[in-house]
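Spelled out from the first residue to the last, the chains are:
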Amino acid sequence: MKNILPIVTIVLALIVIWYGAAFKMNSTWTYDQAARAGTEVTFSDLLRDTMQQSRPLLPAPHQIASELWNTTVEKKITSKRSMVYQGMITLKTTLLGFVFGIVIGVALATVIVLSRVGRLTLMPWAIISQTIPIVALAPIIVVLSNAVGTGTLMVPKAIIAAYLSFYPVLVSMVKGLTSPDQMQLDLLRTYGARQSDVFWKLRLPSSMPYFFASLKVAVAASFVGAVVAELSTSAISGLGARMLIGSQFGEPMIMWAALFAAAILAGLLIFLVGSFEKAARHLMGGRAL
Amino acid sequence: MKKPVIDAKGVDLTFQTNDGPVHALKNVNLEINKGDFVSFIGPSGCGKTTFLRCIAGLETPTGGTLTVNGLTPEEARKSRAYGYVFQAAGLYPWRTIRGNIQLPLEIMGFPKSEWKGHIDRVLDLVDLRGFGKKFPWQLSGGMQQRASIARALAFDADILLMDEPFGALDEIVRDKLNEELLKLWAATQKTIGFVTHSIPEAVYLSTKIVVMSPRPGRITDVIESTLPPDRPLDIRDSEEFIKIAHRVREGLRAGHDA
């Protein structure tokens, strides 16, 4: 419980600063309105108005909270205005991309570790792939996957999410699969072990701590990929699309609520992966941390 | 005349490095008979570990002949001639002690039905009965090393090669393990090759002490121990023991000055 106190302190401080900023930024509009109507603004009017504008420059925290409440608990989850509905779409893309990313990352790492040719040819390309801005690639991926007839936007979105998430898995797995030292390899040689034994019984289990550490990064990358994909593929659903709609139609509340929904979802995903990691470590005989 | 288990004739090994060739072993001649306990002692760089690795087929000599059970080291390894114990226990942290001992049995293709018998037997030998279900981190360093010896014994090799197995342990644990190793050796009648840099350890354990010296790595003296097979720890205070230890020290010094 001791750890809670500093966190709460920081959160409270941020909320205070936020209210201050909301008051300051939204007051411009209040003054404008008053000037047009030719009325004076008292301080209490100002305070009340800046906290409850319908299209504020910066919504106050309680406004976002209530918007979030309205769009999650109060709305039916089948409604397009429901953040749960939109969140599920983003979640589906994220998980699909995450799974693709893991499979691709692990497969490439295996080829790189087991073959010299793989090491020399694949690794540079993997690095280069991450230097290309995903926003530039997104439309191309959409067009190409439409051309091969995937039908929905789900496939290109998942590819974009996988494109971002395979890399941390790849890098960690290369490190993990090469982590056994010479002594460990010599020991297996004295048993006359085959290459497949070395891989399945030594390299793969040794790489697991690296693998699980990379999953947290990969799930976050996949999530970012999913949101960016929704923003850049002119998707009409998903949290990313909600943010875009909010900004294009001048609905800051939608934008901010979507942003917070995204943050909460991302936190949830990382927490889930973390719990999974803990359970796996326990199964592999690790001591409790 | 009995054939030696390990027979080295004029073994040479030169490593090609970026700084030119390094003469790791030069003209090594040695016969090890069945049931011998042979220690290799010498300063670092004398080739004692390299020679042990040659016996195990982990390095290939560039000259001379080396046979193990009459076979080449490669063939001997494939016929499961030896178990190898490294300086670090090197147990897999994701396997229990039983799981670790099972590893060579899995790889060598022992039938599953025999695993339990093998594991129980070697756990008894190293006195770790009841610790089979523990994970390595739950055991002390000495116990981990005992588990790694059990792992090397699991597949019934006649030869046990040990590369400074107790080098990382403190002296008290080391004494105890030395005593246990002698008991284990007496009980199993194995041929043991043991690399060490401790003179008391070499003298206490061995029937034959091979003194080596560096640059190039070579044998300077081979001492047949006159100590009785039954050796309590306090034999180290006997005159006989001190005499042998003295000869080892002389051999080391001679090699160093040369």
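Quick caveat: nothing in here was measured; it's all calculated off a predicted structure. (Residues numbered from 1 in each chain as written. Chains lettered and ligands numbered in written order. Predicted model: local features only at pLDDT ≥ 70, side-chain atom pairs only at ≥ 80, totals over all residues.)

Now for the overall build of chain A. Regarding its fold elements, chain A presents 11 helices and zero strands. Each helix and strand of chain A, ordered N terminal to C terminal, gives the series α-α-α-α-α-α-α-α-α-α-α. Over its C-alpha trace chain A gives a radius of gyration of 25 Å, far above what one expects of a compact globule, namely 19 Å for 289 residues. Projected onto the principal axes, the alpha-carbon positions of chain A cover approximately 90 × 55 × 35 Å. (Helix = DSSP H or I, 4+ residues; strand = E, 2+ residues; numbered from the N terminus. Rg over C-alpha atoms; globule rule 2.2 N^0.38 Å.)

With that settled, the discussion passes to the overall build of chain B. Each helix and strand counted, chain B has eight helices and nine strands in total. A compact globule built from 258 residues should have a C-alpha radius of gyration of about 18 Å, and chain B, at 18 Å, falls within 12% of that. Seen along its three principal axes, the alpha-carbon backbone of chain B occupies a region of about 55 × 45 × 40 Å. The burial tally for chain B puts 43% of its 258 residues in the buried class. Taking as baseline every contact in chain B between residues at least 6 positions apart, the subset at least 24 positions apart corresponds to 70%. (Buried ≥ 20, exposed ≤ 12 C-beta atoms within 10 Å, placed from the backbone. Contact = placed C-beta atoms within 7 Å.)

Let us look at the interface of chain A and chain B. Each partner contributes to the interface: chain A provides 15 residues, whereas chain B provides 19 residues. Listed by contribution, the elements that provide at least two residues to the side of chain A that touches chain B are helix 8 (182-190) and helix 9 (195-232) of chain A. Of all the elements, helix 8 of chain A adds the most residues to the side of chain A that touches chain B, at six residues.

A word on the UniProt feature "domain: ABC transporter" (unreviewed entry) in chain B. UniProt feature "domain: ABC transporter" (unreviewed entry): in the numbering of this structure it lies at residues 8-235 of chain B. Segment residues 8-235 of chain B splits into 34% helix and 27% strand. End C-alpha atoms: 32 Å apart. (UniProt positions renumbered as here; feature names shortened; annotations may be inferred.)

Quick look at the domain arrangement of chain B now. Residue and element names in this part refer to chain B. Taken domain by domain, chain B holds domain 1 (1-81 + 161-258) and domain 2 (89-156). Relative placement of domain 1 and domain 2: their C-alpha centres are 25 Å apart. Of the residues contributing to the side of domain 1 that touches domain 2, the split by class is eight nonpolar, no polar and two charged. (Domains from an automatic or database assignment. Nonpolar A, V, L, I, M, F, W, Y, C, P; charged D, E, K, R; others polar.)

Turning our attention to the UniProt feature "transmembrane region" (unreviewed entry) in chain A. As annotated in UniProt, the feature "transmembrane region" (unreviewed entry) corresponds to residues 95-114, 126-148, 210-233 and 253-274 of chain A in the numbering used here. Annotated as 96% helix and 0% strand, the span residues 210-233 of chain A places its first and last C-alpha atoms 33 Å apart.

This part takes up unusual backbone geometry. Residue and element names in this part refer to chain B. Omega for the peptide link from Arg 215 to Pro 216 comes to -10°, which places this bond in the cis form. Relative to the helices and strands, Pro 216 is located in the loop between strand 8 (208-213) and strand 9 (218-224). A positive phi is found at Arg 215, a non-glycine position, where the angle reads about 50°. Positionally, Arg 215 belongs in the loop between strand 8 and strand 9. Residue classification places Arg 215 among the partly exposed positions, given that 15 C-beta atoms sit within 10 Å.

Our focus in this paragraph is the domain arrangement of chain A. Per the domain assignment, the segments making up chain A are domain 1 (4-56) and domain 2 (83-283). A C-alpha centroid distance of 40 Å is found between domain 1 of chain A and domain 2 of chain A.

Moving on, we get to the sheet that holds strand 2 (residues 20-32) of chain B. Residues and elements named next belong to chain B. The strand order across the open sheet built from three strands is 2-1-4, with neighbouring strands paired in antiparallel fashion. A single partner strand is all that each edge strand has here, and the edge strands are strand 2 and strand 4 (63-68). Within the sheet, the average angular offset between the axes of one strand and its neighbour, ignoring direction, is 30°. (Pairing = 2+ DSSP bridges. Axes fitted to C-alpha atoms, helices over the stretch in contact; angles between N-to-C directions.)

So, about the pairing of strand 6 (residues 159-163) of chain B. Residue and element names in this part refer to chain B. Within strand 6, five of the five residues are buried, which leaves the element mostly enclosed by the surrounding structure. Alternating positions in strand 6 separate into two faces, Ile 159, Leu 161 and Asp 163 on one and Leu 160 and Met 162 on the other, with burial throughout. Inspection of the sheet shows strand 5 (residues 82-85) paired to strand 6 by four bridges, in the parallel sense. Residue pairing for strand 6: Tyr 82 is matched across the bridge by Ile 159. Taken together, strand 6, helix 6 (residues 171-188) and strand 7 (residues 191-196) constitute a β-α-β crossover, and its handedness is right-handed. (Right-handed = clockwise from strand over helix to strand, strands pointing away.)

This part is about the confidence of the model for chain B. Residues and elements named next belong to chain B. Overall, the prediction assigns chain B a mean pLDDT of 85, with 98% of residues at 70 or greater. For chain B, helix 8 (residues 239-257) is the element with the lowest average pLDDT, namely 80, and helix 3 (residues 97-107) is the one with the highest, namely 92. The complex model carries a pTM of 0.81, and its ipTM stands at 0.86. (pLDDT = per-residue confidence, 0-100.)

On to the packing of helix 4 (residues 83-114) of chain A against helix 7 (residues 154-177) of chain A, then. All names here are of chain A. Contact pair helix 4 / helix 7: the axes reach a minimum separation of 5 Å and the direction vectors enclose 40°. Compared by their axis directions, helix 4 and helix 7 come out oblique. Taken as a pair, helix 4 and helix 7 cross one another with a handedness that is right-handed. Class assignment of the residues belonging to the contact of helix 4 with helix 7 gives a composition of 20 nonpolar, seven polar and one charged. (Parallel < 35°, antiparallel > 145°, perpendicular 65-115°, else oblique. Left-handed = near helix turned anticlockwise from the far one by under 90°.)

What follows deals with the nonpolar core. Generally speaking, a soluble globular protein has its nonpolar side chains buried in company with each other. Formed by 77 residues in total, the largest nonpolar core has its most connected members in Ile 55, Tyr 82, Ala 150, Leu 161 and Val 248 of chain B. Here the element with the most residues in this core is helix 5 (residues 141-153) of chain B; it accounts for six residues. In this structure, Leu 161 of chain B is in contact with Leu 52, Ile 55, Ala 56, Tyr 82, Tyr 84 and Gly 193 of chain B, ignoring residues within four places of it in sequence. Leu 215, Val 219, Ala 261 and Leu 265 of chain A belong to the second largest nonpolar core, which has 50 residues in total. (Core = buried A, V, L, I, M, F, W, Y, C linked by C-beta atoms within 7 Å.)

Attention now goes to helix 1 (residues 4-37) of chain A. Residue and element names in this part refer to chain A. Counted at 1.5 Å a residue, the expected span for helix 1 with its 34 residues is 50 Å, and the 48 Å between its end C-alpha atoms agrees. Little of helix 1 is tucked away: two of the 34 residues are buried. One or two positions beyond helix 1, positive phi appears at Gly 38, with a value near 70°. (Expected span 1.5 Å × (residues − 1).)

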